[in-house]
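Coordinate inspection notes
Single-letter residue listing:
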Amino acid sequence: MRAVIFERCGDESVLAVKDVPKPACGPRELLVRVTSVSLNPVDYKLRQGMLRFLGRPRLPAITGKDFAGVVEFVGAEMRGYSVGDRVFGSVDSLTGAGACAEYLVITEDRVARTPDGVTDEQASCLCVAAGTALRGLESAGFAAGQSVLITGASGAVGAAAAQIAVRRGAKVTGVCGSNNVEYVRSLGVERVVDYKREDWAAIDSVYDIVFDAAASSSFAVARRRMTAKGVYVNTVPMPGVMLSSAWARVTSRQRCIAFMLDMSHALIEQLGALAREGVLVARVARTVDFEGVADAQRAMAEGKIYGKACVRPPSIASQQPQP
Ligand SMILES: NC(=O)c1ccc[n+]([C@@H]2O[C@H](COP(=O)([O-])OP(=O)(O)OC[C@H]3O[C@@H](n4cnc5c(N)ncnc54)[C@H](OP(=O)(O)O)[C@@H]3O)[C@@H](O)[C@H]2O)c1
């Protein structure tokens, strides 16, 4: 089968489209024919070898985590799925497996059925980004009616967080760049701050939660815009954020969370339900074929893609199958 692989870590030039063996399906796995993939920053960070705290992927590795597809074969001990079922999920990339392939195998904790009414492309956009939004808000004790400031509200994580928070009746301020102000306003937020023109840390409001989806700030800065028991969530758990988290625990009633997503079947099902209800709608900025993955990852790393970059495997016709 064709796949987008890298044999060593490095810049996007290490990516190549090659023939690799079709994966063998274990007893507690599904073999899935991939119909859509969405790229995430973690894909290029892993390929670059940047995420030492997560570990390095086993090489050679297939790039990409989030996928949608159709069940081709059901492992002997796998219950609840049939050949032909539409599914979506997220691959454990550290194993060297990946989503940018014609086929993948997936364990039951990393997959769920794609709900009727949700396209494969939309389903493939859910797991890492919207999962981080949902669990990240939950980690901060998010409740209806709270005030929430979201950085990176034009990005995949931030926009999903805004969609969830707005739907649950929060008062939301979204922070984004000038090109995306109208998009973020369209998510239903009360206020939009263009970070290129205004410093959100200097505005005249305080928030129950500062969700730093862009990981562009710090607890020290954000706490000035937080209520007495406010919570700061950073999506990139670097040592400085972890230090702030420990320091806040002993010195303050405010909290700092270094968030790391834990994928599960229950989470994937929840995300599917939110997409079916129309709460989560991903903005797909571009769709590429396997040859376009390197360029899309470079553009994403340079902040030049507003929304999700999706990938369509060669075996999928130009028309996305609709549910
Ligand atoms: N910990 C975890 O488990 C986990 C899971 C998922 C993602 N993440 C991390 O979360 C981050 C966001 O992911 P994503 O998929 O949402 O990425 P994305 O779609 O590329 O979005 C990036 C966002 O950052 C904003 N931004 C860029 N520079 C900024 C600046 N100087 N100040 C404020 N905002 C700025 C962009 O705004 P404009 O485009 O409007 O300028 C955009 O909204 C990434 O670092 C990713 O690795 C972590």
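Below is a short write-up of the structure.

Criteria and cut-off values
Every residue gets a number counted from 1 within its own chain, in the order that chain's sequence is written. Side-chain atom pairs in this predicted model are given and counted only at pLDDT of 80 or more, local residue features only at pLDDT of at least 70, and totals for whole chains, interfaces and linings cover all residues. Hydrogens and waters are ignored; side-chain quantities use all the structure's heavy atoms. Counting from the N terminus, the helices are DSSP H or I runs at least four residues long and the strands are E runs at least two residues long. Only protein chains enter the accessibility calculation, which uses a 1.4 Å probe; a residue is then buried when its area is under 20% of its type maximum, exposed when over 50%, and partly exposed in between. Contacts are residue-level and defined by heavy atoms, with any inter-residue pair within 4.5 Å sufficient. Each cavity reported here is a set of points on a 1 Å grid over the protein atoms alone in which a 1.4 Å probe fits but cannot get out, each pocket an open set with protein on both sides within 12 Å along at least five of seven lines, and each lining residue one with an atom within 4 Å of a point. Grid points are joined across faces, edges and corners, and a volume is the space filled by probe spheres set on the points. If even one non-hydrogen atom of a residue comes within 4 Å of a molecule or strand, that residue is called near it. Whenever two N or O atoms come within 3.5 Å, that pair is a polar contact, provided that in protein one can donate a hydrogen and the other can accept it, and provided that, for residues adjacent in sequence, both atoms are side-chain atoms. We get accessible surface area from the Shrake-Rupley algorithm with a probe of 1.4 Å; when it comes to residues, only the shown protein chains can shield them.

Take the environment of V37 next. In this structure, V37 sits in strand 3 (residues 29–38). Accessibility expressed as a relative area gives 0% for V37, which makes it buried. Each C-alpha atom of the pair V37 and F142 lies 30 Å from the other, and the pair is 105 residues apart in sequence. Not counting residues within four places of it along the chain, the set of residues in contact with V37 comprises D66, F67, A99, C100, S124, A309, C310 and V311.

Considering only enclosed or pocket space, the second largest pocket measures out at about 260 Å³ in volume. Looking at the second largest pocket, it is lined by 16 residues, and the ones nearest its centre are M1, P23, I62, G96 and A97. Looking at the lining of the second largest pocket, the elements with two or more residues in it are strand 4 (61–62) and strand 7 (103–107). No other element matches the 3 residues that strand 7 contributes to the lining of the second largest pocket.

What follows concerns the site of the ligand. Taken together, 22 residues are adjacent to the ligand, and K45, S154, N180, Y195 and T235 come closest. Measuring from an oxygen atom of the ligand, one finds a backbone N or O atom of G155 at 2.9 Å. Contact between the ligand and A156: an oxygen atom at 2.9 Å from a main-chain N or O atom of the residue. Protein coverage of the free-state accessible area of the ligand, which is 940 Å², stands at 78%. If you list the elements that add at least two residues to the shell around the ligand, you get helix 1 (41–48), helix 3 (127–139) and helix 4 (156–167).

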